[in-house]
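Fold and geometry: a report
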Amino acid sequence: AQKVTQAQTEISVVEKEDVTLDCVYETRDTTYYLFWYKQPPSGELVFLIRRNSFDEQNEISGRYSWNFQKSTSSFNFTITASQVVDSAVYFCALSEGNRDDKIIFGKGTRLHILP
Amino acid sequence: SQTIHQWPATLVQPVGSPLSLECTVEGTSNPNLYWYRQAAGRGLQLLFYSVGIGQISSEVPQNLSASRPQDRQFILSSKKLLLSDSGFYLCAWSVPATFLVYEQYFGPGTRLTVT
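Notes on the structure follow. Here the structure is a predicted model, which means the values were calculated and not measured.

**Quick word on the state of the cysteines**
Counted under the stated rule, the structure contains two disulfides over all chains. Covalently, cysteine 23 of chain A is tied to cysteine 92 of chain A through a disulfide, its sulfur atoms 1.9 Å apart. What sets the handedness of the cysteine 23 of chain A and cysteine 92 of chain A disulfide is the S-S torsion sign, and at about -65 degrees it is left-handed. In this pair, cysteine 23 of chain A is assigned in the loop between strand S3 (19-21) and strand S4 (24-26) and cysteine 92 of chain A in strand S10 (residues 88-95), connecting sequence segments 69 residues apart. Side by side, cysteine 23 of chain A and cysteine 92 of chain A carry an identical accessibility label, which is buried. The disulfide bridge from cysteine 23 of chain B ends at cysteine 91 of chain B, spanning 2.0 Å between sulfur atoms.

**Focus on the interface of chain B and chain A**
Every contact between the two is made by 26 residues of chain B and, on the other side, 22 residues of chain A. Buried area between chain B and chain A, both sides added, is near 2000 Å², and the carbon and sulfur share of it is 55%. Seen at the junction of chain B and chain A, the total is two salt bridges. Two residues, lysine 102 of chain A and glutamate 59 of chain B, come together in a salt bridge whose shortest N-O distance is 3.2 Å. Applying the counting rule to chain B against chain A returns four residue pairs in polar contact (both at pLDDT 80 or more). Of all the elements in the fold, those that place two or more residues in the side of chain B that touches chain A are strand S4 (32-38), strand S5 (44-52), strand S9 (87-94) and strand S10 (105-106) of chain B. For the side of chain B that touches chain A, a count of residues per class yields 18 nonpolar, six polar and two charged.

**As for the side chain of arginine 37 of chain B**
All names here are of chain B. Structurally, arginine 37 can be placed in strand S4. On the basis of relative accessibility, which here comes to 11%, the residue arginine 37 falls in the buried class. Only 3.1 Å separates the side chain of arginine 37 from the side chain of tyrosine 89, close enough to count as a polar contact. Leave out the neighbours within four places in its chain, and arginine 37 touches Gly43, Leu44, Gln45, Leu47, Gln62, Leu64, Ser84, Asp85, Ser86, Phe88 and Tyr89.

Basis of the calculations
- Residues numbered from 1 in each chain as written.
- Chains lettered and ligands numbered in written order.
- Predicted model: local features only at pLDDT ≥ 70, side-chain atom pairs only at ≥ 80, totals over all residues.
- Heavy atoms only, no water.
- Disulfide = S-S within 2.5 Å.
- Helix = DSSP H or I, 4+ residues; strand = E, 2+ residues; numbered from the N terminus.
- Buried < 20%, exposed > 50% of the residue type's maximum accessible area, 1.4 Å probe, protein only.
- Contact = heavy atoms within 4.5 Å.
- Buried area = accessible area lost by both parts, 1.4 Å probe.
- Salt bridge = Lys/Arg side-chain N within 4 Å of Asp/Glu carboxyl O.
- Polar contact = N/O pair within 3.5 Å; in protein donor to acceptor, adjacent residues only side chain to side chain.
- Nonpolar A, V, L, I, M, F, W, Y, C, P; charged D, E, K, R; others polar.

Here you go:
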C-alpha cells in the first residue's frame, strides 16, 4: 500500500536560514512518482517538482533543491537562504502510476519563515 | 496554456441545503479530473476522480456526489449538507498517463462553511 509520511508537522526558522523538509514514502511498486507541492496562505496548491523512481538524480531550482534516496525511501526538500515568501504548507506526494493517476498526499509540513 | 477555474470562491450554506460546486478546465482535452477536500489544518482527502465523461470513481463514501457532464467540466454536489461537509474543496486536473504519470494542477479552491 502507498503511504507518505511527513514527520515534521510545523517548522519555524529565521529568514536566510536553510531548512529541510523531510518526506518518507512507502510503495510496493518499482515504478512510482514523487511530487512536492506548496500551499501558500491563499490556499491554492502549487506544483513544485515531479520525480520518477528510475531517476535518482538530485535537482536544484534556484533556492530549492530535492534529494531523492531510494535506499532510504526519502525525498527531502531543502530551501536555501529562506525568505518570508517561502512561508506555506508543503506537501509531499506519491503516485504508483496507473490509469487514474491517483496521488497520495502526506499530511503536510507548515513552514514559518520569521523575519 | 491550461487553466482551471472553480466557483464560487467562498460559500456559506445552512445545514440541509443543497450544494453545487463547479470546476472547468481550459486548454486541454480529455483530462483526468479530481475533487479533494481539505479540512481546517488537515491534509488533502481525495473524494472523487474521473478519467472521462460520465466516469466517476468515489474514494470515500459520504454525503457528496460528483458528475462530469462534459469533457472539461466536473461538478461536486450534495442534496443535503452536513456540518461535517465544511472545508476547502479543491479541483485538480492532470494529463492522462501514457508512459509517465503527470502532476496534478489545482484550482483556486472553494471554501465552504456549513452553518
